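# Notes for the structure review
Read off the chains here:
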Amino acid sequence: MENNSPVSGERLMVKGAVILSAGAAATKILSAVYRIPFQNIVGDIGFYIYQQVYPFYGIAVAMASAGFPVIVSKLYAERPSENVLFRAFLALFPLCFSLFLFLFFGADWIAKKMGDGNLAPLIAAVAFPFLFVPFISLFRGYFQGMGNMVPTAVSQVAEQTVRVGGILAAAALFANGKNLYAVGEGAAVASAAGSLVCFLFLLFCFSRRKGRKNRPEPAASGDGVRPGTVLLHGLAATVCGMVPVIFQLIDNFQILPSLLAKGTDFDAARAMKGVFDRGQPLVQIGIILSVSVSSALVPIMAKMRSRGREEEADKLARLAVQFSIAAGAAASVGLIMIMEPLNIMLFTNSAGTLPLRILALTVVFLAANMAVTAVFQGMGNPLLPFYGVLAGIVAKIVFNAAFIRAFGIPGAALASNLALAAMSAFFFAALKKRIKEDLFPKDFIFVLFRSLSAMAALVGALNALCGWLLPDSPVRLFSAFQSLFASFFGAFVFCFVLARGKIFTKSEWLLVPFGEKLLRFLPKTDRGDSC
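Residues numbered from 1 in each chain as written. Predicted model: local features only at pLDDT ≥ 70, side-chain atom pairs only at ≥ 80, totals over all residues. Heavy atoms only, no water.

## With respect to the overall build of the protein
Secondary structure assignment for the protein yields 22 helices and zero strands. The 531 residues of the protein split such that 51% are buried. For the protein, the share of sequence-separated contacts (at least 6 apart) that also reach a separation of at least 24 residues comes to 80%. Carbon and sulfur atoms make up 68% of the accessible area of the protein, which totals about 23500 Å². (Helix = DSSP H or I, 4+ residues; strand = E, 2+ residues; numbered from the N terminus. Buried < 20%, exposed > 50% of the residue type's maximum accessible area, 1.4 Å probe, protein only. Contact = heavy atoms within 4.5 Å. Areas by Shrake-Rupley, 256 points an atom, 1.4 Å probe, with all protein chains shown as cover.)

## So, the environment of Val197
Mapped onto the elements, Val197 comes out in helix 8 (residues 180-207). With 35 residues separating them in the primary sequence, Val197 and Val162 have C-alpha atoms 7.7 Å apart.

## Let's talk about the pattern of salt bridges
Summed over the entire model, instances satisfying the criterion amount to five salt bridges. A salt bridge links Asp44 to Arg278; the nearest nitrogen and oxygen atoms lie 3.1 Å apart. With Asp44 in helix 2 (residues 35-78) and Arg278 in the loop between helix 11 (266-276) and helix 12 (279-295), this pair connects stretches of sequence that are 234 residues apart. Each member of the pair Asp44 and Arg278 is classed as buried. Between Asp251 and Lys396 there is a salt bridge, with the nearest N and O atoms lying 2.9 Å from each other. Of this pair, Asp251 sits in helix 10 (residues 243-261) while Lys396 is found in helix 17 (residues 383-407), placing the two residues 145 residues apart along the sequence. Look at Asp251 and you get buried, because its relative accessible area is 4%. (Salt bridge = Lys/Arg side-chain N within 4 Å of Asp/Glu carboxyl O.)

## Structural notes on the confidence of the model for the protein
Averaged over the protein, the pLDDT score is 85; the fraction of residues at 70 or greater is 87%. Note on residues 1-14: pLDDT is under 50 here. Beyond four places in sequence and across chains, it has three contacts. (pLDDT = per-residue confidence, 0-100.)

## Description of the layout of surface pockets
Gaps left between atoms show up when a probe the size of a water molecule is rolled over them. The space that makes up the second largest pocket amounts to roughly 420 Å³. Taken together, 20 residues make up the lining of the second largest pocket; nearest its centre are Phe56, Ile59, Leu99, Phe102 and Leu249. Those elements giving two or more residues to the lining of the second largest pocket turn out to be helix 2, helix 3 (82-105), helix 4 (107-114), helix 9 (227-240), helix 10 and helix 17. Split by residue class, the lining of the second largest pocket holds 19 nonpolar, one polar and no charged. (1 Å grid on protein atoms, 1.4 Å probe; cavity = no way out; pocket = protein on both sides within 12 Å on 5 of 7 lines; lining within 4 Å. Points joined across faces, edges and corners; volume = space filled by probe spheres on them. Nonpolar A, V, L, I, M, F, W, Y, C, P; charged D, E, K, R; others polar.)

## Digging into the nonpolar core
Generally speaking, nonpolar side chains in soluble globular proteins are found buried as a group. In this structure, Leu119, Ile123 and Trp509 are the most contacted members of the largest nonpolar core, which totals 153 residues. Ranked by residues supplied to this core, first place goes to helix 2 with 22 residues. Each residue touching Leu119, except ones within four places of it in the same chain, is listed here: Tyr48, Ile49, Gln52, Ala111, Met114 and Tyr181. (Core = buried A, V, L, I, M, F, W, Y, C linked by side-chain atoms within 4.5 Å.)

## Describing the packing of helix 14 (residues 310-347) against helix 20 (residues 476-500)
Their axes nearest at 8 Å, the elements helix 14 and helix 20 cross at an angle of 170 degrees. Relative to helix 20, the element helix 14 is oriented roughly antiparallel. Note on element contacts: helix 20 touches helix 14 through Arg476, Ser479, Ala480, Gln482, Ser483, Leu484, Ala486, Ser487, Phe494 and Leu498, opposite Ala326, Ala330, Ile338, Pro341, Leu342, Ile344, Met345, Leu346 and Phe347. (Axes fitted to C-alpha atoms, helices over the stretch in contact; angles between N-to-C directions. Parallel < 35°, antiparallel > 145°, perpendicular 65-115°, else oblique.)

## Let's talk about empty space enclosed by the protein
Applying the stated rule across the entire model yields three cavities of 30 Å³ or more. There is about 120 Å³ of room inside the largest cavity. What lines the largest cavity is Pro244, Phe247, Gln248, Asp251, Gln280, Val283, Leu359, Thr362, Leu366, Ser416 and Leu420. Residue contributions to the lining of the largest cavity peak at four residues, all from helix 10. Looking at the lining of the largest cavity residue by residue, the class counts come to six nonpolar, four polar and one charged.

## Focus: unusual backbone geometry
Of note, the phi angle at Thr348 is positive, near 80 degrees, even though the residue is not glycine. Of note, Thr348 is situated in the loop between helix 14 and helix 15 (353-360). Residue Thr348 is classed as partly exposed on the basis of its relative accessible area of 43%.

## Some words on the environment of Arg270
By the element assignment, Arg270 lies in helix 11. Overall, the relative accessible area of 9% leaves Arg270 in the buried class. Considering only alpha carbons, one finds Arg270 and Ile45, 225 residues apart in sequence, at a separation of 5.7 Å. Discounting chain neighbours no more than four positions away, the residues touching Arg270 are Asp44, Ile45, Tyr48, Asp116, Tyr181 and Leu256.

## Some details on the packing of aromatic side chains
The tally for this structure, following the rule as stated, stands at 33 aromatic pairs. Where Phe323 meets Phe504, the ring centres are 4.2 Å apart and the plane angle is 25 degrees; that geometry is what we call stacked. On the criterion of sequence distance, the pair formed by Phe323 in helix 14 and Phe504 in the loop between helix 20 and helix 21 (506-509) is long-range, its members being 181 residues apart. Comparing Phe323 with Phe504 shows no difference in burial state: the two are buried. Both rings, one in Phe485 and one in Phe489, keep their centres 4.6 Å apart while their planes meet at 55 degrees; by these two values the pair is tilted. With Phe485 and Phe489 both in helix 20, this residue pair falls four residues apart, about one helical turn. (Phe/Tyr/Trp six-rings, centres within 6.5 Å; stacked < 30°, edge-to-face > 60°.)

## Focus: the environment of Ala367
Topologically, Ala367 is positioned in helix 16 (residues 362-378). By relative accessible area, Ala367 is classed as buried at 0%. Taking the C-alpha atoms as reference points, Ala367 and Ile288, separated by 79 residues in sequence, lie 8.7 Å from one another.

As structure tokens, this is what we get:
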């Protein structure tokens, strides 16, 4: 017997959200982790080649996952008609086809602008995923609008599995012959293959959907859907969700030409850029850990606001921002403190440790900005953060032009931090006008600073001890032990001091992932707090 009760429906939605979140998390982790063995196989120059074209694929992935499917699902849930899908397609296909044509036929021009004409075949190959974006977005939006998150989650994991497998296979096949551009071209083809597999899987699911013949078609139910609105809101969601990829793309157009203009040898410049690109997977992992802390709060906040419970929604908005900043700050400081042994553990040597330490600071800004963006989207205002991100992109381009010329590679990392800090200032000023909660009370700032200081002191002492035990020629295995040991005890001390600071109540800790595990750190008098 079918159970159509509201409780059953709500549980189904929660289950779907969990499935979708799990699929997205698995995809992001896989997307970050595979780059480490890939770099170990192809070296810094091979890694530079791949990272120069990766952002183009990253944009396609963001459009087909974080951007347009969300908009399409919302529209389809409100107007369950295939006419809605058709109108969304009218918005998506011209844009994606134009991007394909630009990348495919403009590959030579783009490669020259990047300072490396050998990249042209890779750029042309990575254009093909854009042809699948409209179809993938519509299929995912349809299933999500129906409350069925499984096809989206499975398609994300399948796409990344095929892509990562193909990339590592290309590295293993071609790297021995030192044809590193062939490795990059193979990686680009693997990305296109992943998009094709994703499309075919979703097409199969769509063709077998239940009830398609018997479902009534609401009259003119798509008339209220304007392709221009779909395009604007989809682009806003896409751009806000891929700031790190956009900043990386900006660096790809500015770093190598700037180094060559300063007289740096071509091979040396490529190697320097490849070393700097080591920071991308590290930052990505830090962002995943930081944003996951607050992601559970935003849907609850949006539901409360829809029910008119504004004060409770404002409180959750404050908590989302504070938890994200705390987690992001811990990740940034932790990465800065262990960057040298971590660099050796993951990438075999300590090259580029200084710019990587500067780049690690971006984690706290990115975590804060993503939390505020999610809060605004929960308020039904997705365009305001879009404008803030556009301003940050302009700032990044301007700062890059000045700082790379003056400081080289570290200047690019510094430019990212300044641009993100400006973006954060804009977001916080805008959010302060819309909620009644104090985002940064003095006790929060003091306890957070104390927690970070305690963590930094402990990790610094461990680093000094390890340096005393093995002062010369760090061994990779020893560096791995040092990094993991320092990470574990540093995180433990940070969480302990933060919890003992009593800036969050028991009920607030329970709102975030693994919050119940941290309750043991609370003072005994506060463990029974239910406020």
